[in-house]
Amino acid sequence: MPTRRRFLLTSAAAAAAPTLTLTAQSAQNAKLPPAIAALTNRRAEAIPISLAEREQRLDRARALMHQNKIDAIVITTGTSLTYFTGLRWGQSERFFAWTLPATGAPFVVCPVFEEGRVRERMETKPATLPSASTTRVYTWNEDEDPYQLLAKALKDSGLTTGKIGIEERTQFVFADGIAHASPALTTTSATPITFGCRGIKSPAELALMQLANNITLSVYKACYESAQPGMTNRHFSQLVDAA
């Protein structure tokens, strides 16, 4: 049965179709609106987080680990990994983890076929990975248990008992595997460490956040000034993308 919602959606789609086609064809040929064309590339204003600052983050994390009686934190992927190491690593069904002991060098556990990519990131210039020269890399094959390898790496770091903090966005299958592979170690939340570090922004972080806000506002302002009667949502979104 026709409904008001279906009628509106169908009518909107039919009415917009020729407009969208025209927009797609003209987007490549037409000049950008003056307000958008006047925008400048501000990428050079973004000052990357320095290696020295990331080293300070590790120092802060270790201090919080001692305060909270946590002997190591395990981070798989996501923004916390980038925050501490500068590494951007996509989530996978294969176990990958960067571990920071409260005392001693960090280490990475990864699939053997990823070792080359890990070491390439470790050797990137300018360097982004703190303690790169002392970071150990443990690799596992498809027929091996990565959690047992993590337990071995922790043992190599002097950890056979104690508490291991698991970063909050870690997949359950990974957290469960870590817990069962190291029954003498207690797993707990690493949030007191990760939030304790990330919740306080440095001047460099604040500058990047302010720049991002300023750029976003300038884009919206330029697009608002470029809006025309009859413009569709998609056309306006294309203006935002161009800006």
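Given the structure is predicted, the values throughout are model-derived calculations rather than measurements.

## What about the side chain of Thr 135?
Now for step 1: With respect to the helices, strands and loops of the structure, Thr 135 is situated in the loop between α5 (115-122) and β4 (136-140).
Now for step 2: A polar contact of 2.7 Å, which involves the side chain of Thr 135, links it to the backbone oxygen of Ser 131.
Now for step 3: Other than its neighbours up to four places away in sequence, Thr 135 contacts Pro 106, Phe 107, Val 108, Met 122, Leu 129 and Pro 130.

## Concerning empty space enclosed by the protein
Now for step 1: Tallied over the full model, the rule gives one cavity of 30 Å³ or more.
Now for step 2: In this model, the largest cavity occupies a volume close to 30 Å³.
Now for step 3: When the residues that make up the lining of the largest cavity are grouped by side-chain class, the tally is three nonpolar, six polar and one charged.

## Structural notes on the sheet that holds strand β3 (residues 107-111)
Now for step 1: Reading across from one edge, β4-β3-β2-β1-β5-β6 is the order of the six strands in this open sheet, with mixed pairing throughout. Among the strands making up the open sheet, the edge pair consists of β4 and β6 (185-189). Ignoring which end each strand starts from, the neighbouring axes of this sheet average 25° apart.
Now for step 2: Bridge count for strand β1 (residues 72-75) against strand β5 (residues 162-166) is three bridges, and the pairing is parallel.

## Looking at the pattern of salt bridges
Now for step 1: The full count for this structure, using the stated rule, is nine salt bridges.
Now for step 2: In this structure, the salt-bridge partner of Arg 57 is Glu 205, at a minimum N-O distance of 3.5 Å. Of this pair, Arg 57 sits in helix α3 (residues 51-67) while Glu 205 sits in helix α9 (residues 203-226), and the two are 148 residues apart along the sequence.
Now for step 3: Using a relative accessible area of 11% as the deciding quantity, one classes Glu 205 as buried.
Now for step 4: A salt bridge links Lys 221 to Glu 225, with the shortest nitrogen-to-oxygen separation between them at 2.6 Å.

## Some points on the packing of α9 against helix α10 (residues 233-242)
Now for step 1: For the pair α9 and α10, the least separation of the axes is 9 Å and the interaxial angle reads 140°. Taken together, the axes of α9 and α10 lie oblique to each other. Note that α9 runs across α10; the crossing there is right-handed. Within the contact between the two elements, α9 uses Val 219, Cys 223, Tyr 224 and Ser 226 and α10 uses Phe 236, Leu 239 and Val 240.
Now for step 2: Looking at side-chain class alone, the contact of α9 with α10 contains six nonpolar, one polar and no charged residues.

## A look at the layout of surface pockets
Now for step 1: Its boundaries defined by the atoms lining it, the largest pocket holds a volume of some 400 Å³.
Now for step 2: What lines the largest pocket is a set of 14 residues, and nearest its centre among them are Ile 49, Arg 54, Arg 57, Thr 82 and Arg 88.
Now for step 3: Taken together, the elements giving at least two residues each to the lining of the largest pocket come down to α3, α4 (79-85) and α9.
Now for step 4: The dominant element in the lining of the largest pocket, judged by the number of residues it contributes, is α4, at three residues.
Now for step 5: Considered class by class, the residues forming the lining of the largest pocket number four nonpolar, four polar and six charged.

Cut-off values and rules
Every chain's residues receive numbers from 1 upward, in the order its sequence appears when written. Only residues with pLDDT of at least 70 get local features here, since the model is predicted, and only at 80 or more are side-chain atom pairs given and counted; chain-wide, interface and lining totals rely on the full set of residues. The basis for the side-chain values is all heavy atoms of the structure; hydrogens and waters are excluded. Each helix is a run of DSSP H or I of at least 4 residues and each strand a run of E of at least 2, with the numbering of both proceeding from the N terminus. Two N or O atoms form a polar contact when they lie within 3.5 Å of each other; inside protein one atom must be a possible hydrogen donor and the other a possible acceptor, and for residues adjacent in sequence the pair counts only when both atoms belong to side chains. It only takes one pair of heavy atoms within 4.5 Å for two residues to be counted as in contact. The distinction between a cavity and a pocket rests on a 1 Å grid over the protein atoms alone: a 1.4 Å probe fits inside a cavity but cannot get out, while a pocket stays open yet meets protein on both sides within 12 Å along at least five of seven lines, and a residue with an atom within 4 Å of a point counts as lining. Grid points are joined across faces, edges and corners, and a volume is the space filled by probe spheres set on the points. As a working rule, the residues Ala, Val, Leu, Ile, Met, Phe, Trp, Tyr, Cys and Pro are called nonpolar, Asp, Glu, Lys and Arg charged, and the rest polar, with Gly in that last group. Strands qualify as paired when DSSP identifies two bridges or more between them. Each axis is a line fitted through C-alpha atoms, and for a helix only the stretch in contact is used; angles between axes span 0 to 180 degrees, taken between their N-to-C directions. Only one rule defines a salt bridge in this text: a Lys or Arg side-chain nitrogen within 4 Å of an Asp or Glu carboxyl oxygen. Between buried and exposed lies partly exposed: a residue is buried under 20% and exposed over 50% of the maximum accessible area for its type, with that area taken using a 1.4 Å probe on protein chains only. Every angle not falling under 35 degrees, over 145, or within 65 to 115 is termed oblique; those three ranges are roughly parallel, roughly antiparallel and roughly perpendicular. Left-handed describes a crossing whose near helix is turned anticlockwise from the far helix through less than a right angle; right-handed describes the clockwise counterpart.

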